[in-house]
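Spelled out from the first residue to the last, the chains are:
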Amino acid sequence: MTEPFEKARFATKAVHAGQPPDPTTGAIMTPVYLTSTYVQEAPDVHKGFDYARTNHPTRLALERNLAALEDGSWGLCFGSGSAAAHAVMTMLSSGDHVVSCNDLYGGTYRLFTKVMERFGLTFSFVSAYDLGAVEKAITPKTKLLWVETPSNPMLLISDIKELAKLAKAKGILLAVDNTFATPYLQQPLAMGADLVVHSTTKYMGGHSDVVGGAIVGRDKGLFDKLKFIQNAVGAVPGPLDCFLVLRGTKTLALRMEKHCANALKVAKHLLEHPEIALVHYPGLPIHKHYGLAKAQMRLAGGIISFELKGGLERAKRMAGLTKVFSLAESLGGVESLIGHPATMTHASIPREERLKAGLTDGLLRLSVGIEDAEDLVADLDQAIQKSL
Ligand SMILES: *Cc1c(COP(=O)(O)O)cnc(C)c1O
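Residues numbered from 1 in each chain as written. Predicted model: local features only at pLDDT ≥ 70, side-chain atom pairs only at ≥ 80, totals over all residues. Heavy atoms only, no water.

**Here's the deal with the packing of aromatic side chains**
Quick note on the threshold: In this scheme Phe, Tyr and Trp rings, the latter by its six-membered ring, pair at centre separations within 6.5 Å, and the angle between planes marks the pair as stacked below 30 degrees, edge-to-face above 60, and tilted otherwise. Secondary structure is summarised from DSSP: a helix means a run of H or I of at least four residues, a strand means a run of E of at least two, and numbering begins at the N terminus for each. Note on classification: 1.4 Å probe, protein chains only; a residue is buried when its accessible area is under 20% of the maximum for its type, exposed when over 50%, partly exposed between these limits. Either the NZ atom of lysine or the CZ atom of arginine qualifies as a charge over a ring when it sits within 6 Å of the ring centre and within 35 degrees of the ring normal.
Taken as a whole and judged by the stated rule, the model has seven aromatic pairs. With a centroid separation of 5.5 Å and an interplanar angle of 55 degrees, the aromatic rings of Trp74 and Phe223 are classed as tilted. Here the residue Trp74 occupies a position in strand β1 (residues 74-78), and Phe223 occupies one in helix α8 (residues 220-233), the gap between them amounting to 149 residues. For Trp74, a relative accessible area of 7% corresponds to the buried category. By relative accessible area, which is 22% here, Phe223 ends up partly exposed. Between Tyr109 and Phe125, the aromatic rings sit 4.9 Å apart at their centres with planes inclined by 50 degrees, giving tilted as the arrangement. Of the two residues, Tyr109 sits in helix α4 (residues 106-115) while Phe125 sits in strand β3 (residues 122-126), which places them 16 residues apart along the sequence. Its relative accessible area of 9% is what places Tyr109 among the buried residues. Since its relative accessible area comes to 22%, Phe125 is described here as partly exposed. Taking the ring centre of Tyr105 as reference, the NZ or CZ of Lys202 above it sits at 4.8 Å.

**So, the domain arrangement of the protein chain**
We apply this condition: Each domain's extent was defined by an automatic or database domain assignment. Contacts were defined at the residue level, with two residues in contact if any of their heavy atoms lie within 4.5 Å. Joining two parts hides part of their accessible area as seen by a 1.4 Å probe, and the buried area is that hidden amount summed over both. The salt bridge criterion pairs a side-chain nitrogen of Lys or Arg with a carboxyl oxygen of Asp or Glu, the two atoms within 4 Å. Here a polar contact is taken to be a pair of N or O atoms separated by no more than 3.5 Å, where protein atoms must pair a possible hydrogen donor with a possible acceptor and residues adjacent in sequence count only if both atoms sit in side chains. Only Asp, Glu, Lys and Arg are considered charged, only Ala, Val, Leu, Ile, Met, Phe, Trp, Tyr, Cys and Pro nonpolar, and every remaining residue, Gly among them, polar.
Domain annotation for the protein chain reports domain 1 (10-249) and domain 2 (252-386). With 41 residues of domain 1 at the interface, the matching set in domain 2 holds 42 residues. Both sides of the domain 1 and domain 2 interface together cover about 3,500 Å² of buried area, and 63% of this is carbon and sulfur. The interface formed by domain 1 and domain 2 includes zero salt bridges. Linking domain 1 with domain 2 are 19 residue pairs in polar contact (both at pLDDT 80 or more), by the criterion used here. Of all the elements in the fold, those that place two or more residues in the side of domain 1 that touches domain 2 are α1 (10-16), α4, α6 (160-170), α7 (182-185) and α9 (239-250). The residue makeup of the side of domain 1 that touches domain 2, split by class, is 21 nonpolar, 15 polar and five charged.

**Side note on the nonpolar core**
We apply this condition: Within this scheme, the nonpolar core is defined by two criteria: the residues are buried Ala, Val, Leu, Ile, Met, Phe, Trp, Tyr or Cys, and they are joined through side-chain atoms within 4.5 Å.
Val88, Met89, Trp146, Leu174, Leu195, Ile215 and Leu226 are the most contacted members of the largest nonpolar core, which has 48 residues in total. Each residue touching Ile215, except ones within four places of it in the same chain, is listed here: Trp74, Gly75, Leu76, Phe78, Ala84, Ala87, Val88, Leu195, Val196 and Leu226. In this structure, Ala67, Tyr203, Val245 and Leu331 belong to the second largest nonpolar core, which totals 32 residues.

**Brief notes about the sheet that holds β3**
Heads up, the condition is: One requirement defines pairing of two strands: DSSP has to find at least two bridges between them. Simply put, an axis is a line fit to the C-alpha atoms, just over the touching stretch for a helix, and the angle between two N-to-C directions goes from 0 to 180 degrees.
As summarised here, the arrangement of the seven strands in space is β1-β7-β6-β5-β4-β2-β3, forming an open sheet in which the pairing is mixed. The sheet is open, and its two borders are formed by β1 and β3, each paired with just one other strand. Going across the sheet, the axis of each strand differs from the next one's by a mean of 20 degrees, ignoring polarity. Of the strands in this sheet, β1, β2 (97-101), β3, β4 (142-148), β6 (195-199) and β7 (213-217) are in contact with helix α3 (residues 81-89), which crosses β6 at around 150 degrees. Across the sheet, α4 touches β2, β3 and β4, and the angle it forms with β3 is around 145 degrees.

**Let's talk about helix α10 (residues 252-272)**
Rules: Working rule for helices: expected span equals 1.5 Å times residues minus one.
Compared with an ideal rise of 1.5 Å per residue, which puts 21 residues at 30 Å, α10 spans 30 Å between its outermost C-alpha atoms and is within 8% of the ideal. Of the positions making up α10, those classed as buried are Leu252, Ala253, Arg255, Met256, His259, Cys260, Asn262, Ala263, Val266, Ala267 and Leu270.

**Some remarks on the environment of Trp146**
Position of Trp146 among the secondary structure elements: in strand β4. Residue classification places Trp146 among the buried positions, given a relative accessible area of 0%. For Trp146 and Leu173, which are 27 residues apart along the polypeptide, the C-alpha to C-alpha distance reads 8.5 Å.

**Digging into the sheet that holds strand β11 (residues 337-339)**
Spatially, β8-β9-β12-β11-β10 is the arrangement adopted by the five strands of the open sheet, whose pairing is mixed. The open sheet has two edge strands with one neighbour each: β8 (276-280) and β10 (326-327). The pairing of β10 with β11 spans two bridges and is classified as parallel. Bridge pairing in β11 links Leu327 to Ile338. Each of β8, β9 (303-308) and β12 (363-367) is contacted by α10, which is oriented at about 15 degrees to β9, the strand it contacts most. Strand contacts of helix α12 (residues 311-319): β9, β10, β11 and β12, with the helix running at about 130 degrees to β9, the strand carrying the most contacts.

**A few points about the state of the cysteines**
So the rule is basically this: Disulfides are defined as pairs of cysteine sulfur atoms found within 2.5 Å of each other.
Inspection of every chain in the model, using the stated rule, returns zero disulfides. Take Cys242: it sits in no disulfide, and the sulfur closest to it among the cysteines is that of Cys77, at 5.5 Å. Classification of Cys242 by relative accessible area gives buried; the value is 1%.

**Comments concerning the site of the ligand**
Condition: We call a residue near a molecule or strand as soon as one heavy atom of that residue lies within 4 Å of the molecule or strand. All accessibility values rest on the Shrake-Rupley procedure with a 1.4 Å probe; residue burial counts only the protein chains present in the view. Space inside and on the surface of the protein is sampled on a 1 Å grid over the protein atoms alone, with a cavity defined as a set of points where a 1.4 Å probe fits but cannot get out and a pocket as an open set with protein on both sides within 12 Å along at least 5 of 7 lines; lining residues have an atom within 4 Å of a point. Here the criterion for a molecule occupying a pocket or cavity is that more than half of its atoms lie within 2 Å of the pocket grid points.
With respect to spatial proximity, 14 residues lie near the ligand, and among them Ser82, Asp177, Ser199, Thr201 and Lys202 are the closest. Between the ligand and Ser199, the relevant distance is 2.8 Å, taken from an oxygen atom to a side-chain nitrogen or oxygen of the residue. Here the ligand has 380 Å² of accessible area as a free molecule, and 92% of this is covered by the chains. Among the cavities detected, the one that contains the ligand is the second largest pocket.

If you want it as structure tokens, here you go:
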């Protein structure tokens, strides 16, 4: 990347990287180029853009921006986080084996087991924070290690540096889904990961108004493979979607600071609440990976999961009683959301698998927004009270 902001600090890169003023008009914002093709001066003589599935200027601006934020050398955007995960999987071939964390986004689990297994890939799901278990699961056929940290929805932390060392020693790739942390909190490539995958639908977009995905890396060979797949498969995002994510990343640093500060206040409050049985938040000293989270992440993130006393029925009642927290799938937007993973985001994972990962039927998940923390705490309190 030959970018003037390559060496800048995070918030400066977020605002500027990949987005020089429009050369024809000086427009400070990257235009939404609504075009499918480009006029060529002579056959195959053009400005680097020949067809919009292959290359697109609004998408390229976003790809460069994301590469800068993850401290990578390239980025590739997809129509969704799921399409990005699919692109990583299609680098592999029938017969290859993947070791994945067992506490992962339900849709990714569904992609792996219901789609990719039909094409001859095999998967082992293990607790990725348990390095011994990961190592034991690696076979001569293993080509890739897939990890989400913090995990979803248990907020467990896996040691990216140690996993990267293990992957290198075994000659396999490490892909980290960095959707929950964002590059503001954690940069897996700098810790040795080969690929970072994002659902830009979440914090990167940040406003619950777009669906998108991305892969970022440093290795030129991986770029060539994935760029080929991006073009050949064609799961690319539209120009307006790219613009919306670019708008989102400009305020990522500010938003993450507020998400994390609010989440810490809410988590502390829940921890002391007599009606709450368990709180999972990596920013609490009682969390079993608190030390690792502190070492690996700038702040502990905006997602909390917890269990109410009273189990499933009460949890469902509470999820319907909040007023500031909206009952909805997804996370990472400016507004606070509450969800019930067992029936919503993680319903596609079989119950036995869910329970093995600690995801009980009564677990609730919060995506803490950027509203006033006092209002969020008061809203949870009234819903807990009414759910009795
Ligand atoms: C939402 C999400 C995905 C899937 O992304 P989509 O944009 O919904 O396809 C993958 N991983 C994580 C951690 C997610 O939260």
